[in-house]
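Inside the fold
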Amino acid sequence: MTAELDIWLLITAHPDDESMFFIPTLRNLLCLDYKNDSNDSQKPNIHLLCLSNGDYRDVSDGPVRTKELYKACSLIGIDESKSSGASSVVVLDDDRLKDGPNEVWNSDLIANTVLERLQTILSSKQQQSTQQQQINVNIITFDQGGVSGHHNHVDVFRGIKHVLDEKCHVVRGDDEKLMARLILKQQAGTNGQDDKNNHTEVNLRVLALQTISNPLHKYFLWISVELLPIVLIWLVQVLLYTIYLLLGGFLFSKKGNRSIRFSRMNTTSDGKHLRCRLFDPVLVWMAMAAHSSQFVWYRRLSVLFSRYTYLNDLHELVLDPTLLSEEEEDEDALPPVNTIEEDSSSPKFLLSNSQMVALREAVLPIGLHHRPWKRIYSLSRDGDSFVSFEKHITNWNAKFGDSSTLLVVKTTKGEVIGGYADAIATSSPRPGTARSCLFRAEKDGSFTVYDGKQNSLGTFFEGSPHRLKSGGTEGSSKKILLDSTRRIIAFGGGLGMKSGDGFGLCLEDGFARGTTARCEAFCNEPLVEGDGVFNVLDVEVYGFVFGQF
């Protein structure tokens with residue numbers, strides 16, 4: 001029988017994040033009952049990885065805040081010792097991951113750092129057990145809002161999302177549920193072998209702490225019906241304990257057991273969401289007080305009033321079904337898209353080859369079907385500078401002339417949208433042609449293409465042998481705009497005849513955010529759900545190489 005080993009890894013950006021936001025989750029996890037190989041009870045495998053040492057104000061703050069983190073973790077119940085072969089608490093001091101609201105952390109760097117940490121943890125655990133184990137890794141971190149909106153928090157989320165999208169493969173479990181599998185290389189043993197036995201496949205799940213943007217709901221949680229009963233029970237406990245002391249109970253209590261601590265906790269889960277409740281503000285206060293260099297007046301108020309002192313809502317990140325591993329190739333499948341090989345350190349393409357085939361058949365003219373694809377620009381590879389983006393586009397245009405391009409955008413919710421134009425965008429708006437269009441990927445694996453004809457909106461499924469012919473109306477409103485002054489790239493602008501018309505797709509400077517609206521030029525509806533505003537996870541621009549087949 002194969003035993004299961006659950007590893008929990010909390011990933012934060014700064015020392016004090018664990019105390020300010022995650023204590024309800026950590027305390028509930030510490031109460032879980034685990035058995036070792038001998039069926040003896042043991043503490044759960046909880047680890048903390050802090051990606052910076054908090055030296056934003058001064059370099060000398062780094063060692064101080066690191067010691068404070070160790071002290072806070074000890075109060076929470078996480079031991080930073082190396083008795084198990086790997087420290088449970090690790091604080092990084094990496095110049096590429098500097099603390100600061102204006103610092104940009106590379107997603108691929110974060111992903112590789114997390115993988116290295118998991119490899120270290122896994123190696124230490126497997127050295128302690130000779131029994132074959134199924135390993136389940138649970139990562140806890142911020143969501144796309146970063147809880148407080150701090151840029152470093154958001155970058156941590158993007159890095160973990162990068163692990164899911166780029167480092168894992170997706171399989172379907174026995175219950176038809178999508179699962180992320182991650183292959184970790186163990187640290188070299190004494191025999192120095194480096195074969196398949198030195199690699200372990202683990203199940204990976206990512207739980208993100210929900211950002212609460214409404215300040216009333218974030219700082220005045222006790223007015224909610226959910227917490228009110230807990231507060232009333234706590235007050236009754238305080239009253240009864242006070243009466244007990246007045247009657248002389250303090251004299252008869254055991255020495256060393258006179259701490260007045262009232263704590264209640266419980267966890268509920270529906271498989272995709274985890275809610276951890278904790279009513280122990282004294283513990284949270286003590287943990288934050290351990291971060292004495294940061295425990296200023298407004299953080300003291302936050303400990304008392306913040307929702308995260310009492311309640312954590314975590315949701316599991318949804319896996320992209322397009323990443324599902326294909327066991328067998330369809331004999332009738334269309335020929336794959338050839339891509340120009342890149343350096344091994346470059347991130348994976350946003351699109352799978354089957355998605356590239358689908359877009360090729362749906363959007364590209366016949367003359368481009370056999371052309372290799374070249375990734376001109378990648379947000380995760382080339383950075384979020386608009387100047388850098390424009391430079392890559394300009395250099396490509398100078399090399400290949402007036403060539404076609406495909407823009408692909410992936411949102412933090414996993415949505416894939418984009419646009420195609422048969423001419424490079426320039427700083428001056430230029431009319432679109434019959435070959436310009438917008439598209440979005442649907443949940444069932446199909447692509448919907450908006451090409452500007454009221455009756456030409458079509459849907460293309462991966463593997464379909466039929467190609468949607470692009471059309472569209474000529475006109476200055478159907479334009480592809482790369483504006484260096486306003487620092488935006490946009491598709492279309494509507495005809496201005498109807499309210500609600502706007503850019504069919506628009507990305508702003510830094511590519512952190514975008515918008516999409518109904519655009520009469522392309523006859524499209526907003527490409528994402530909701531109000532048309534989305535956060536960007538990654539952006540890519542593809543060109544098509546001439547002279548190569």
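Attention in this report is confined to the structure presented alongside it. (Residues numbered from 1 in each chain as written. Predicted model: local features only at pLDDT ≥ 70, side-chain atom pairs only at ≥ 80, totals over all residues. Heavy atoms only, no water.)

Regarding the packing of helix α10 (residues 281-290) against helix α11 (residues 297-305)
Their axes nearest at 9 Å, the elements α10 and α11 cross at an angle of 155°. With respect to each other, α10 and α11 are oriented roughly antiparallel. The interaxial crossing formed by α10 with α11 has right-handed handedness. Across the interface between the two elements, Pro 281, Val 284, Trp 285 and Met 288 of α10 pack against Arg 299, Arg 300, Val 303 and Leu 304 of α11. Split by residue class, the contact of α10 with α11 holds 6 nonpolar, no polar and 2 charged. (Axes fitted to C-alpha atoms, helices over the stretch in contact; angles between N-to-C directions. Helix = DSSP H or I, 4+ residues; strand = E, 2+ residues; numbered from the N terminus. Parallel < 35°, antiparallel > 145°, perpendicular 65-115°, else oblique. Left-handed = near helix turned anticlockwise from the far one by under 90°. Contact = heavy atoms within 4.5 Å. Nonpolar A, V, L, I, M, F, W, Y, C, P; charged D, E, K, R; others polar.)

A few points about the environment of Asp 55
By the secondary structure assignment, Asp 55 is in the loop between β4 (45-50) and α3 (61-76). C-alpha of Asp 55 to C-alpha of Arg 65: the two residues are 10 residues apart in sequence and 8.0 Å apart in space. Leaving out residues up to four positions away in the same chain, Asp 55 has contacts with Asp 61, Gly 62, Asp 93, Lys 98 and Asp 99. Separated by 2.8 Å, the side chains of Asp 55 and Lys 98 make a polar contact. (Polar contact = N/O pair within 3.5 Å; in protein donor to acceptor, adjacent residues only side chain to side chain.)

Observations regarding the pattern of salt bridges
Here the structure, examined in full by the defined rule, presents 19 salt bridges. A salt bridge links Asp 165 to Lys 161; the nearest nitrogen and oxygen atoms lie 3.0 Å apart. In this pair, Asp 165 and Lys 161 are both assigned in helix α6 (residues 151-167), 4 residues apart and thus about one turn of the helix distant. Note on accessibility: Asp 165 and Lys 161 belong to one class, buried. (Salt bridge = Lys/Arg side-chain N within 4 Å of Asp/Glu carboxyl O. Buried < 20%, exposed > 50% of the residue type's maximum accessible area, 1.4 Å probe, protein only.)

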